[in-house]
Amino acid sequence: MRHLLALDLKDDAALIAEYEAYHRRIWPEIAQHLRRHGVTGMEIYRLGTRMTMVMETDDAVYDAAAMAAAMQDDPRVRQWEDLMWRFQAPTPWTPAGEKWVAMTRIFDLGQQP
């Protein structure tokens, strides 16, 4: 299944550059965590400070709540998330305490005549 999520970055060119540098080669433990929880593909796009994540999952394995709980139990994944929060900012529509939020699909060419 494909998931699209949004998150903002702090409006600071140096922080944005550092954030992008971290994502050129994420920590191996982070990639392992994602794959172990059914994430089969992930891409992040940026325009200004707004980011969009495209995440592909194996629905036989993927469970967002279980992945979030596992993150809390893994010190290395927590360390990564805490580090990333230095750069990230919630969108104006993000519920308190959350980061990446699901976007709503409003158009699909495949559904057009």
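Up top is the structure these notes are about.
Criteria and thresholds
Residue numbers here run from 1 along each chain, matching the order of that chain's written sequence. Where totals are concerned, whole chains, interfaces and linings use all residues; where local detail is concerned, this predicted model gives features only for residues with pLDDT of at least 70, and gives and counts side-chain atom pairs only at 80 or more. Hydrogen atoms and water are omitted, and side-chain values are computed over all heavy atoms in the structure. In DSSP terms, a helix is any run of H or I states spanning at least four residues, a strand is any run of E spanning at least two, and both are numbered starting from the N terminus. The buried label goes to any residue with under 20% of its type's maximum accessible area, the exposed label to any with over 50%, and the partly exposed label to all in between, with areas taken from a 1.4 Å probe on protein chains only. Pairs of N or O atoms within 3.5 Å make up the polar contacts considered here, provided that, within protein, one atom can donate a hydrogen while the other can accept it, and that residues adjacent in sequence are counted only when both atoms are side-chain atoms. What makes two residues a contact is simply this: any of their non-hydrogen atoms within 4.5 Å. What we call a nonpolar core is a set of buried Ala, Val, Leu, Ile, Met, Phe, Trp, Tyr and Cys residues that are connected through their side-chain atoms within 4.5 Å. At least two bridges found by DSSP between two strands is the condition for calling them paired. Each aromatic pair joins two rings of Phe, Tyr and Trp (for Trp, the six-membered one) with centres within 6.5 Å, and gets the label stacked for planes under 30 degrees apart, edge-to-face for over 60, and tilted for any other angle. Definitions used throughout: a 1 Å grid over protein atoms alone; a cavity as a set of points that fits a 1.4 Å probe which cannot get out; a pocket as an open set with protein on both sides within 12 Å along at least five of seven lines; a lining residue as one with an atom within 4 Å of a point. Grid points are joined across faces, edges and corners, and a volume is the space filled by probe spheres set on the points. When residues are sorted by character, Ala, Val, Leu, Ile, Met, Phe, Trp, Tyr, Cys and Pro go into the nonpolar class, Asp, Glu, Lys and Arg into the charged class, and all the rest, Gly among them, into the polar class.

So, about the side chain of threonine 94. Its location among the elements puts threonine 94 in the loop between β4 (88-89) and β5 (101-102). Residue classification places threonine 94 among the buried residues on the basis of a relative accessible area of 12%. One polar contact links threonine 94 to threonine 91, side chain to side chain, over a distance of 2.7 Å. Setting aside its immediate chain neighbours within four residues, threonine 94 contacts Lys99 and Val101.

Right, let's talk about the environment of alanine 66 for a bit. By the secondary structure assignment, alanine 66 is in helix α3 (residues 64-73). Judged by relative accessible area, alanine 66 falls into the partly exposed class, the value being 36%. In this structure the C-alpha to C-alpha distance between alanine 66 and histidine 37, which are 29 residues apart in sequence, comes to 8.0 Å.

Core analysis: the biggest nonpolar cluster contains 21 residues, and Tyr19 and Trp100 have the highest contact counts within it. Those elements that provide at least two residues to this core are β1 (2-9), α1 (13-24), α2 (28-36), β3 (50-57), α3 and α4 (75-85). Among the elements that line this core, the one with the most residues is α4, at 4 residues.

Across the 8 residues that make up β1, a large majority, 6, are buried. Judged from the 2 bridges that link them, β1 and β5 form a sheet pairing that is antiparallel. Residue alanine 6 lies in a different strand from β5, and its bridge partner there is valine 101. Sheet topology places β1 next to β4; 2 bridges connect them, and they run antiparallel. By the bridge assignment, leucine 9 is partnered in β4 with glutamine 88.

A full pass over the atoms with the stated rule returns 4 aromatic pairs. On the basis of an interplanar angle of 85° and a centroid distance of 6.1 Å, the ring pair of tyrosine 22 and tryptophan 80 is categorised as edge-to-face. Of the two residues, tyrosine 22 sits in helix α1 while tryptophan 80 sits in helix α4, which places them 58 residues apart along the sequence. Its relative accessible area of 25% is what places tyrosine 22 among the partly exposed residues. Taking the relative accessible area as the measure of exposure, tryptophan 80 reaches 3% and is therefore buried.

Here we take up the layout of surface pockets. Over the atoms rolls a probe the size of a water molecule, and its path tells where empty space is left. Space inside the largest pocket adds up to approximately 1,100 Å³. What lines the largest pocket is a set of 39 residues, and nearest its centre among them are Leu34, Met42, Met53, Glu81 and Trp100. At the level of secondary structure, the elements contributing two or more residues to the lining of the largest pocket comprise β1, α1, α2, β2 (39-47), β3, α3 and α4. At 7 residues, α4 tops the list of elements feeding residues into the lining of the largest pocket. Within the lining of the largest pocket, the residues separate by chemical class into 24 nonpolar, 8 polar and 7 charged. The calculated volume of the second largest pocket comes to roughly 240 Å³. When grouped by side-chain class, the residues that make up the lining of the second largest pocket number 3 nonpolar, 1 polar and 2 charged.

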